[in-house]
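Observations on the model geometry
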Amino acid sequence: ELAAHRRTMEELEKARVELQSSYAQKAAELDRTQALLGAISHATHALFYAKDRDGRVVFANPALLEALGLDAGRVLGRTETEFLSDPAQAEAIRATDREIMAGGAAVTTEEPVTMADGRTVTYLSTKVAHRGPSGEVLGLVGVSIDISAQKKQAAEALETSERLRARNEELE
């Protein structure tokens, strides 16, 4: 009986050591993943974000916070209706997000946002449903880039083209 108890204790100790080693490996892997995500999210001007099923922001990279002119405490745990100045724009973004989470497919769309200083910025946003291990939708993840300058250049080029076409017709 004592020998059986010792074997059980040895097996338990071996299992504890293996579990502790496995935990340490998983923790190191998680640390590396978090460091990589941090490096990527800090190294770009693109806006990275994640939202839960209710549309509350659960991750916002520094570029997003800077673009909004808000600190993390004013954004995390909140929806666009709570931190964007234009309620219609906020609701349009939320409606798009709900559609993405319902459909699950990645969507790329232009989203105009009026900033706190009054200027309107157009973002090209790519969003996709974020799924859990068993496929359930947990929320969404997205990346948005400011395309305001490109849109302005395209409008100016179109205006120039139309002016030249009209001038050409006058000359004919």
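A brief report on the enclosed structure follows. (Residues numbered from 1 in each chain as written. Predicted model: local features only at pLDDT ≥ 70, side-chain atom pairs only at ≥ 80, totals over all residues. Heavy atoms only, no water.)

1. Re the overall build of the protein
- The helix and strand inventory of the protein stands at six helices and five strands.
- Across the protein, helices and strands are ordered from the amino to the carboxyl terminus as α-β-β-α-α-α-α-β-β-β-α.
- Expressed as lengths along the three principal axes of its C-alpha atoms, the size of the protein is roughly 110 × 35 × 30 Å.
- Here the protein, with 172 residues, has 27% of them falling under the buried criterion.
- For the protein, the proportion of contacts with a sequence separation of at least 24, taken over those separated by at least 6, is 36%.
- Accessible area of the protein: about 11,700 Å², with a carbon and sulfur share of 56%.
- Of the side-chain charges in the protein, 21 are positive and 28 negative, and the distance between the mean point of each set is 4 Å. (Helix = DSSP H or I, 4+ residues; strand = E, 2+ residues; numbered from the N terminus. Buried < 20%, exposed > 50% of the residue type's maximum accessible area, 1.4 Å probe, protein only. Contact = heavy atoms within 4.5 Å. Areas by Shrake-Rupley, 256 points an atom, 1.4 Å probe, with all protein chains shown as cover. Lys, Arg positive; Asp, Glu negative; His and termini not counted. Charge placed at Lys NZ, Arg CZ, Asp CG, Glu CD.)

2. Here's the deal with the side chain of Asn61
- Examined against the element boundaries, Asn61 turns out to sit in the loop between β2 (57–60) and α2 (62–68).
- Asn61 gets classed as buried once you look at its relative accessible area, which sits at 0%.
- Of note is the side chain of Asn61, whose polar atom sits 3.0 Å from the backbone oxygen of Ala46. (Polar contact = N/O pair within 3.5 Å; in protein donor to acceptor, adjacent residues only side chain to side chain.)

3. So, the sheet that holds strand β4 (residues 120–131)
- A sheet is described by the order of its strands in space; here five strands give the open sequence β2-β1-β5-β4-β3, paired in antiparallel fashion. The open sheet has two edge strands, β2 and β3 (107–114), and neither has a second partner. Taken over all neighbouring pairs, the strand axes of this sheet differ in orientation by 30° on average, direction set aside.
- Running over the sheet, helix α6 (residues 148–171) touches β3, β4 and β5 (137–146) and is turned about 125° from β4. (Pairing = 2+ DSSP bridges. Axes fitted to C-alpha atoms, helices over the stretch in contact; angles between N-to-C directions.)

4. Comments concerning empty space enclosed by the protein
- Per the stated rule, a full pass over the model turns up one cavity of 30 Å³ or more.
- Its volume calculated, the largest cavity comes out at about 230 Å³.
- Taken together, 18 residues form the lining of the largest cavity, with Tyr49, Leu64, Glu80, Ile93 and Val113 sitting closest to its centre.
- If you list the elements that add at least two residues to the lining of the largest cavity, you get β1 (47–52), α2, α4 (80–83), β3 and β4.
- For the lining of the largest cavity, the per-class residue count stands at 12 nonpolar, two polar and four charged. (1 Å grid on protein atoms, 1.4 Å probe; cavity = no way out; pocket = protein on both sides within 12 Å on 5 of 7 lines; lining within 4 Å. Points joined across faces, edges and corners; volume = space filled by probe spheres on them. Nonpolar A, V, L, I, M, F, W, Y, C, P; charged D, E, K, R; others polar.)

5. Notes on a nonpolar patch on the surface
- A surface patch of nonpolar side chains, about 200 Å² in accessible area, is lined by Leu124, Val143 and Ile145.
- Relative to the helices and strands, Leu124 is located in strand β4. (Patch = residues over 30% accessible without salt bridge, like charges linked within 9 Å, V, L, I, M, F, W, Y side chains within 5 Å. Salt bridge = Lys/Arg side-chain N within 4 Å of Asp/Glu carboxyl O.)

6. Concerning the layout of surface pockets
- Quantified by volume, the largest pocket comes out at close to 280 Å³.
- The set of elements that each furnish at least two residues to the lining of the largest pocket consists of α1 (2–42), α2, β4 and β5.
- The element best represented in the lining of the largest pocket is α2, accounting for four residues.
- Along the lines of polarity and charge, the residues of the lining of the largest pocket split into eight nonpolar, five polar and three charged.

7. Notes on the side chain of Thr122
- Its location among the elements puts Thr122 in strand β4.
- On the basis of relative accessibility, which here comes to 14%, the residue Thr122 falls in the buried class.
- For Thr122, the contacting residues outside a window of four places in its chain are Glu110, Glu111, Pro112, Ile145, Asp146, Ile147, Ser148 and Lys151.

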